[in-house]
Amino acid sequence: MEVVRQTFHIMLIGAAATLQITVISVAIGCMLGLVVGLSRLSKMRFLRLAATAYVDFFRGTPLLVQIFLVYYGLPQVLRDLQTYLMDSFNMPQILTQYALPVFLAAVISCSLNSAAYIAEIFRAGVQSIEKGQMEAARSLGMTAGQSMRYVILPQAVKRVIPPLGNEFIAMLKDTSLLSVIGFEELSRKGQLIAGQTYVAFPVWLTVAFLYLVMTFTFSRLVDYLERRLKTGD
Amino acid sequence: MIKVEGLHKSFGKLKVLNGIDCRVAPREVVVVIGPSGSGKSTFLRCINLLEQPTSGQIYIDGVSLTDHKTNINAIRTEVGMVFQRFNLFPHKTALENISLAPLKVRNLGRQEAEEIAYGLLKKVGLSDKAKVYPDQLSGGQQQRVAIARALAMRPKVMLFDEPTSALDPEMVGEVLAVMKDLAREGMTMVVVTHEMGFAREVGDRVIFMDEGLIVEEGTPEQFFLDPKNSRLKAFLSKIL
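Now for a look at the structure at hand. (Residues numbered from 1 in each chain as written. Chains lettered and ligands numbered in written order. Predicted model: local features only at pLDDT ≥ 70, side-chain atom pairs only at ≥ 80, totals over all residues. Heavy atoms only, no water.)

1. Regarding helix α1 (residues 2-40) of chain A
Then step 1. Its 39 residues give α1 of chain A an end-to-end C-alpha distance of 54 Å, which sits within 8% of 57 Å, the value for a rise of 1.5 Å per residue.
Then step 2. Residue phenylalanine 8 of chain A marks the point of greatest curvature in α1 of chain A, where the axis turns by about 50 degrees. (Helix = DSSP H or I, 4+ residues; strand = E, 2+ residues; numbered from the N terminus. Expected span 1.5 Å × (residues − 1). Bend = angle between axes of the 7 residues up to and from the residue.)

This is the structure in structure tokens:
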């Protein structure tokens, strides 16, 4: 198709943006998710409750709503907060402009969402390690933190690779929702091209194909990793 | 070395230990026997606080374990523990299993920690297995590495929780041999086991537990040749 041939490079740019936002979000999601996931297992009640509330909220509400909350809601919260601080404590004005750049809003919303799912993955991974491992580590005099770091987590990481791969693939597809705030990832590019050229089917088929190439490649990569790590488990 | 006074432990409504009083002298080898569910493992696990006692006092070398000011991690470095299921770290080689705690808890250098580990592997007869992962070792070899791992912290006391119960019969001997060597060297040991031969040969004192209490204790001779308690007699008649 002529339209597809002429616009293919634009769709590729969109696919690159999709991949970029997914990698960044899942990477941040992993760090935040580890903290939240371990907090879910903490002895401290407050931490446990806060982490549970976090997971419940971000898994229990649509990503689309979370994107709106961050992109449209967060600037208003920042503005009101600044007004309050300036009025009540005579704080100098720091922010002059409140609107979030689309990219930043995309990173924030997708990372927060991903962290909730990844937290559950890490929690399950840690809990799947036999209780005797923690006991053996503690009986040698290691602190809870040392035992987690040197004994439990290295074993848990192997087990969480397949579910983490699934989360990456799910997030890669879900980033298409970012098109609603105008983030120019693959779906948004498809919308723009189809809208301007009135050629829908070939364009959207190509978009679908590009998603498939990314998810397929990635799932094979995870399979490979999983097989390599299996030895020595 | 170990002093236990009025130790109680409940899991919810289930009372597992109902007032244990016990002393273990330095260099003494105490063997704990009893039917399953009698609380022997729980008793042992209380001694390094893998289980938190419900009430009662435990002292190791005069230091109270139940005192909140006591650094429990420091105490645990003095009390080595060997588990029924070995609990070796599967992602680490035999050498790394042994050197991990000296490295991270004692903050020794890598070379020094590995020297200790090599020395202990030699002691348990596994010098050639240093670079091998646990899943490549037999049960008996794994348990010997686990003993070496506990010894790496140079503990004053060693606790053994049914160390041969998960082993194939032909591997029991090699683990018991390592334990006998330890006893001969003067290690203070508390051993929960069903190996009556070991109790008789190595034990200085044998304790019989039933329903969360110490029912009878004495030297192996008294214990096996002239048991007083009827439940002990019944127990011995079943297993000997």
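2. Section: the nonpolar core
Residues and elements named next belong to chain B.
Then step 1. Core analysis: the largest hydrophobic core is formed by 49 residues, its most contacted members being Ile33, Ile147, Met158, Phe160, Met179 and Met189.
Then step 2. When near neighbours in sequence (up to four residues on either side) are disregarded, isoleucine 33 contacts Lys40, Thr193, Met196, Val206, Ile207, Phe208, Met209, Phe223, Phe235 and Leu236.
Then step 3. The next biggest cluster of nonpolar side chains, apart from the first, holds 46 residues, and it includes Leu7, Leu44, Cys46 and Leu100. (Core = buried A, V, L, I, M, F, W, Y, C linked by side-chain atoms within 4.5 Å. Buried < 20%, exposed > 50% of the residue type's maximum accessible area, 1.4 Å probe, protein only. Contact = heavy atoms within 4.5 Å.)

3. A closer look at the sheet that holds strand β10 (residues 213-218) of chain B
All names here are of chain B.
Then step 1. Taking strand neighbours across the sheet as the criterion, the six strands line up as β6-β7-β8-β3-β9-β10 in an open arrangement whose pairing is mixed. Either end of the sheet is taken by a strand with one partner, and the two such strands are β6 (79-82) and β10. On average, each strand axis in the sheet is tilted by 20 degrees relative to the strand beside it, whichever way the strands run.
Then step 2. Where strand β3 (residues 29-33) and strand β9 (residues 205-210) come together, four bridges link them in parallel fashion. Residue pairing across strands places valine 31 opposite valine 206, the latter belonging to β9.
Then step 3. The strands touched by helix α1 (residues 40-47) are β3, β6, β7 (157-161), β8 (188-192) and β9; relative to β7, the strand with the most contacts, the crossing angle is about 150 degrees.
Then step 4. Against the sheet, helix α9 (residues 230-239) contacts β3, β9 and β10, and its axis sits at roughly 100 degrees relative to β9. (Pairing = 2+ DSSP bridges. Axes fitted to C-alpha atoms, helices over the stretch in contact; angles between N-to-C directions.)

4. Regarding the sheet that holds strand β4 (residues 55-60) of chain B
Residue and element names in this part refer to chain B.
Then step 1. Reading across the sheet, the four strands line up as β2-β1-β4-β5 and stay open at both edges, with antiparallel pairing between neighbours. Each edge of the open sheet carries a strand with a single partner, namely β2 (14-24) and β5 (63-64).
Then step 2. Note: strand β1 (residues 2-11) against β2, eight bridges, orientation antiparallel. Residue phenylalanine 11 lies in a different strand from β2, and its bridge partner there is leucine 14.

5. Things to note about the packing of helix α4 (residues 102-127) of chain A against helix α6 (residues 144-174) of chain A
Residues and elements named next belong to chain A.
Then step 1. At their nearest, the axes of α4 and α6 sit 8 Å apart, and the two run at 135 degrees to each other. Classified by the angle their axes make, α4 and α6 are oblique. The two elements α4 and α6 meet at a crossing, and its hand is right-handed. Together, Cys110, Asn113, Ser114, Tyr117, Ile118, Ile121, Phe122, Gly125 and Val126 of α4 and Met148, Ile152, Leu153, Ala156, Val160, Pro163, Leu164, Glu167 and Met171 of α6 make up the contact between the two elements.
Then step 2. Here the residues of the contact of α4 with α6 are counted per class, giving 14 nonpolar, three polar and one charged. (Parallel < 35°, antiparallel > 145°, perpendicular 65-115°, else oblique. Left-handed = near helix turned anticlockwise from the far one by under 90°. Nonpolar A, V, L, I, M, F, W, Y, C, P; charged D, E, K, R; others polar.)

6. Some thoughts on unusual backbone geometry
Excluding glycine, residues mostly carry a negative phi; peptide bonds, for their part, are mostly trans.
Then step 1. With phi around 60 degrees, tyrosine 198 of chain A is a residue other than glycine that occupies positive phi space.
Then step 2. Note that tyrosine 198 of chain A resides in the loop between α7 (186-197) and α8 (201-230).
Then step 3. Here glutamate 211 of chain B, not a glycine, exhibits a phi torsion of approximately 50 degrees, which is positive.
Then step 4. Relative to the elements of secondary structure, glutamate 211 of chain B occurs in the loop between β9 and β10.

7. Quick notes on the packing of α1 of chain A against helix α2 (residues 45-60) of chain A
All names here are of chain A.
Then step 1. Two elements in contact, α1 and α2, have axes separated by 7 Å at closest approach and are oriented at 125 degrees. By the criterion of interaxial angle, the relationship of α1 to α2 is oblique. Between α1 and α2 the crossing geometry is left-handed. Only Leu47, Arg48, Ala51, Thr52, Tyr54 and Val55 of α2 make contact with α1, whose side of the interface consists of Leu32, Val36, Ser39 and Arg40.
Then step 2. Counted by class, the contact of α1 with α2 contains six nonpolar, two polar and two charged residues.

8. Considerations on the interface of chain A and chain B
Then step 1. Facing the 20 residues of chain A at the interface are 23 residues of chain B.
Then step 2. The interface formed by chain A and chain B contains one salt bridge.
Then step 3. The partner of glutamate 135 of chain A in a salt bridge is arginine 45 of chain B, and the shortest N-O contact between them spans 2.6 Å.
Then step 4. Counting every contact that joins chain A to chain B gives six residue pairs in polar contact (both at pLDDT 80 or more). (Salt bridge = Lys/Arg side-chain N within 4 Å of Asp/Glu carboxyl O. Polar contact = N/O pair within 3.5 Å; in protein donor to acceptor, adjacent residues only side chain to side chain.)

9. Structural notes on the packing of aromatic side chains
All names here are of chain A.
Then step 1. Within this structure, the stated rule accounts for nine aromatic pairs over all chains.
Then step 2. Centre to centre, the rings of tyrosine 71 and tyrosine 72 are 4.9 Å apart; their planes meet at 70 degrees, and the pair counts as edge-to-face.
Then step 3. A residue is classified by how much of its surface remains accessible, and tyrosine 72, at 47% relative accessible area, is partly exposed.
Then step 4. Plain terms: the ring middles of phenylalanine 168 and phenylalanine 218 are 4.0 Å apart, the flat faces sit at 25 degrees to each other, and that makes the pair stacked. Taken together, the residues span a long stretch of sequence, with phenylalanine 168 in helix α6 and phenylalanine 218 in helix α8 at a distance of 50 residues.
Then step 5. Within the aromatic cluster, the residues linked to one another by ring pairs are Tyr54, Phe57 and Phe58. (Phe/Tyr/Trp six-rings, centres within 6.5 Å; stacked < 30°, edge-to-face > 60°.)

Functional significance is not addressed by these values, which are geometric in nature.
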